[in-house]
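Structural description and commentary
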Amino acid sequence: MTSRKYNFGAGPATMPTEVLLEVQEELLDWNGMGVSVMEISHRSPEFTKIAEEAESDFRDLLSIPENYAVLFTHGGASLQNAMIPLNLSKQGIVQYVDSGYWASRSIKEASKFCEVGIAASSKDKDYSYFPSQESWQIDKTANYIHITPNETIGGVAMRSFNDTTIPLVADFSSSILSEKLDVSKFGLIYGGAQKNIGPSGLGFVILNKDLIGHAMDGTPSMLDYQVISEGKSMFNTPPTFPWYVAGKVFKWLKSLGGVNEISKINVRKANKLYEFIDNSDFYSNNIQKDSRSIMNIPFLLRNEDLNESFLQNSKEAGLLALKGHRSVGGMRASIYNALPEEAIDTLIEFMSSFEKKAG
Ligand SMILES: *Cc1c(COP(=O)(O)O)cnc(C)c1O
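Residues numbered from 1 in each chain as written. Predicted model: local features only at pLDDT ≥ 70, side-chain atom pairs only at ≥ 80, totals over all residues. Heavy atoms only, no water.

1. Structural notes on the site of the ligand
Stated formally: By convention in this text, a residue qualifies as near a molecule or strand provided that one of its non-hydrogen atoms is within 4 Å of it. Pairs of N or O atoms within 3.5 Å make up the polar contacts considered here, provided that, within protein, one atom can donate a hydrogen while the other can accept it, and that residues adjacent in sequence are counted only when both atoms are side-chain atoms. Per-residue and other accessible areas follow the Shrake-Rupley method at a 1.4 Å probe size, with only the shown protein chains counted as cover for residues. Under the convention adopted here, Pro, Cys and the residues Ala, Val, Leu, Ile, Met, Phe, Trp and Tyr are nonpolar, Asp, Glu, Lys and Arg are charged, and Gly plus all remaining residues are polar.
Around the ligand lies a shell formed by G76, A77, S78, W102, T148, N150, T152, D171, S173, S174, Q194 and K195. In the model, an oxygen atom of the ligand is placed 2.5 Å from a nitrogen or oxygen of the S78 side chain. D171 is positioned with one of its side-chain polar atoms (N or O) 2.6 Å from a nitrogen atom of the ligand. In the complex, 86% of the free accessible area of the ligand, which totals 390 Å², lies under the protein chains. Of the residues in the shell around the ligand, the class split is 2 nonpolar, 8 polar and 2 charged.

2. Re the pairing of strand 9 (residues 188-192)
Heads up, the condition is: Burial status follows relative accessibility: with a 1.4 Å probe on protein chains alone, a residue under 20% of its type maximum counts as buried, one over 50% as exposed, and anything between as partly exposed. Note on conventions: DSSP H or I runs of at least 4 residues are helices, E runs of at least 2 residues are strands, and numbering of each starts at the N terminus. When DSSP locates at least two bridges between a pair of strands, those strands are taken to pair.
Burial analysis of strand 9 places 5 of its 5 residues in the buried class, the great majority of the element. The side-chain alternation of strand 9 yields two buried faces, one formed by L188, Y190 and G192 and the other by I189 and G191. By the bridge criterion, 3 bridges tie strand 8 (residues 168-171) to strand 9 in an arrangement that is parallel. Within strand 9, the position partnered with A170 by the bridge is I189. Here strand 9 pairs with strand 10 (residues 203-208) via 5 bridges, running antiparallel. Residue pairing across strands places L188 opposite L207, the latter belonging to strand 10.

3. Some remarks on the pattern of salt bridges
Stated formally: When a carboxyl oxygen of Asp or Glu is within 4 Å of a side-chain nitrogen of Lys or Arg, the pair counts as a salt bridge.
Within the structure shown, the criterion is met by 18 salt bridges. Among the charged side chains, a network of salt bridges with common partners joins K49, E53, D57, D60, K251 and K254.

4. A word on helix 7 (residues 258-278)
Applicable threshold: What a helix should span is 1.5 Å times the count of its residues minus one.
A rise of 1.5 Å per residue sets the reference length of helix 7, with its 21 residues, at 30 Å; its end C-alpha atoms lie 30 Å apart and thus fit the reference within 8%. Listed as buried for helix 7 are G258, V259, I262, S263, N266, K269, A270, L273, Y274, F276 and I277.

5. Remarks on the packing of helix 3 (residues 78-88) against helix 4 (residues 101-110)
Rules: Note on geometry: axes are lines fitted to C-alpha atoms, helical ones only across the stretch in contact, with angles between N-to-C directions running from 0 to 180 degrees. Convention used here: angles under 35 degrees read as roughly parallel, angles over 145 as roughly antiparallel, angles from 65 to 115 as roughly perpendicular, and any remaining angle as oblique. Helix crossings are classified by the rotation of the near helix relative to the far one: an anticlockwise turn of less than a right angle makes the crossing left-handed, while a clockwise turn makes it right-handed. We call two residues in contact when some of their heavy atoms are within 4.5 Å.
Remark: helix 3 packs on helix 4, axes separated minimally by 9 Å, with the N-to-C direction vectors making an angle of 45 degrees. Relative to helix 4, the element helix 3 lies oblique. The handedness of the crossing between helix 3 and helix 4 is right-handed. Residues S78, N81, A82 and P85 of helix 3 form the contact with helix 4, whose own contacting residues are R105, S106, E109 and A110.

6. So, the nonpolar core
Filter applied, for reference: By nonpolar core we mean a set of buried residues, namely Ala, Val, Leu, Ile, Met, Phe, Trp, Tyr and Cys, connected to one another through side-chain atoms within 4.5 Å. For the domains described, the bounds stem from an automatic or database domain assignment.
Counting residues in each nonpolar core, the largest one holds 56 residues, and the members touching the most others are F58, W136, I147, I176 and L177. At 8 residues, helix 6 (residues 240-255) tops the list of elements feeding residues into this core. Here this core spans two domains, and each of domain 1 (18-255) and domain 2 (258-358) adds at least three residues to it. With residues up to four places along the chain from it excluded, the contact list for L177 reads F58, L61, L62, N196, I197, F250, L253, V259, I262 and N337.

7. Looking at a nonpolar patch on the surface
Applicable threshold: Nonpolar side chains (Val, Leu, Ile, Met, Phe, Trp, Tyr) within 5 Å and like charges within 9 Å form the patches, drawn only from residues with over 30% relative accessible area and no salt bridge.
Side chains of L27, L28 and M38 sit close together on the surface and give an oily, nonpolar patch of about 320 Å² of accessible area. Here M38 lies in the loop between helix 1 (17-26) and helix 2 (45-62). Given a relative accessible area of 48%, M38 falls into the partly exposed group.

8. A few points about the sheet that holds strand 12 (residues 296-301)
Taken together, the 3 strands give an open sheet; going across it, the order is 11-12-14, and neighbouring strands pair in antiparallel fashion. Edge strands, defined here as strands with exactly one partner in the open sheet, are strand 11 (283-284) and strand 14 (331-334). In this sheet, strand 12 lies alongside strand 11 in antiparallel orientation, the contact comprising 2 bridges. The residue bridging S284 from the neighbouring strand is L300, located in strand 12. The strands touched by helix 7 within the sheet are strand 11, strand 12 and strand 14, with strand 12 carrying the most contacts at an inclination of about 15 degrees.

9. Description of the environment of D29
The topology assignment puts D29 in the loop between helix 1 and helix 2. Take D29: its relative accessible area is 39%, and that puts it in the partly exposed class. C-alpha of D29 to C-alpha of S327: the two residues are 298 residues apart in sequence and 44 Å apart in space. Leave out the neighbours within four places in its chain, and D29 touches G34 and V35.

Structure (structure tokens):
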């Protein structure tokens, strides 16, 4: 236990220690079966129970309405960048909000399958804010509008949502379960598991059932929401081990009091760090205040020559993976659900003492 360090990595990211200990305890002999959970059939009654419980706990945590399907998928978030246009575009027009790195990747992929319009973009200001919903130029003939409500690399977020006239599709990879969400405002919500849910290799899709059954001709079976949904996410062998671990993360989150409770902690964690950065002349965060992410906090050192030393020293202090993405440079603290509040306090103490020593 004492050897565990604070992991600020963006993903695959830190996991709740309680969950890892449970997995360790059960690894060789799951449920008294004398084998590991990763060694049993995905069609066995025992695994079916894991799958069903994971879905129902996920539904409870987000109050997912009955008319929404929940799918557990392969291929993380990136495969959805293809599946969404294949299933929802009807080969017509679709729209995207360009809010940064991940939005741009989604746009590029969708452009292979249909005509993509940009409803709004913050590229003009180097993605330092999230384009407000009022500014979106909605094309009523578009089949959906896609957003990336938490830009994991840029640290930009959209956190409240109004109704839209066309289905709202959102990549929630890095902020799912971080705070309350009214699922009914969305046509489809998706992401990779490896930030707030579990090990990589698993993805999730929550979609209005009306959007199922419209895949374009030639869509591979594995990428057709109807096929995946009818097969209860087991058209082929699913990533059973990540799914099992995700189920434990859902139970862990429920035991803490669910999304309501974790969101209070998350807001407190983020506010502490932003406040510290904003009050410093040594560190800075350039994101417009009303667009700041509560999950990923990029920051720069005023003197970039100190970057290497900051990373080296923070690592020695047990604070891992603070290096910013190569596309933005500087540092980034990813502070997902499983990262305890003490990690933020320790980081702030470290940053403060590093500043004193360097200054
Ligand atoms: C991590 C991330 C992705 C990519 O996820 P993969 O599972 O690796 O495909 C996409 N979008 C966002 C917002 C992310 O944070």
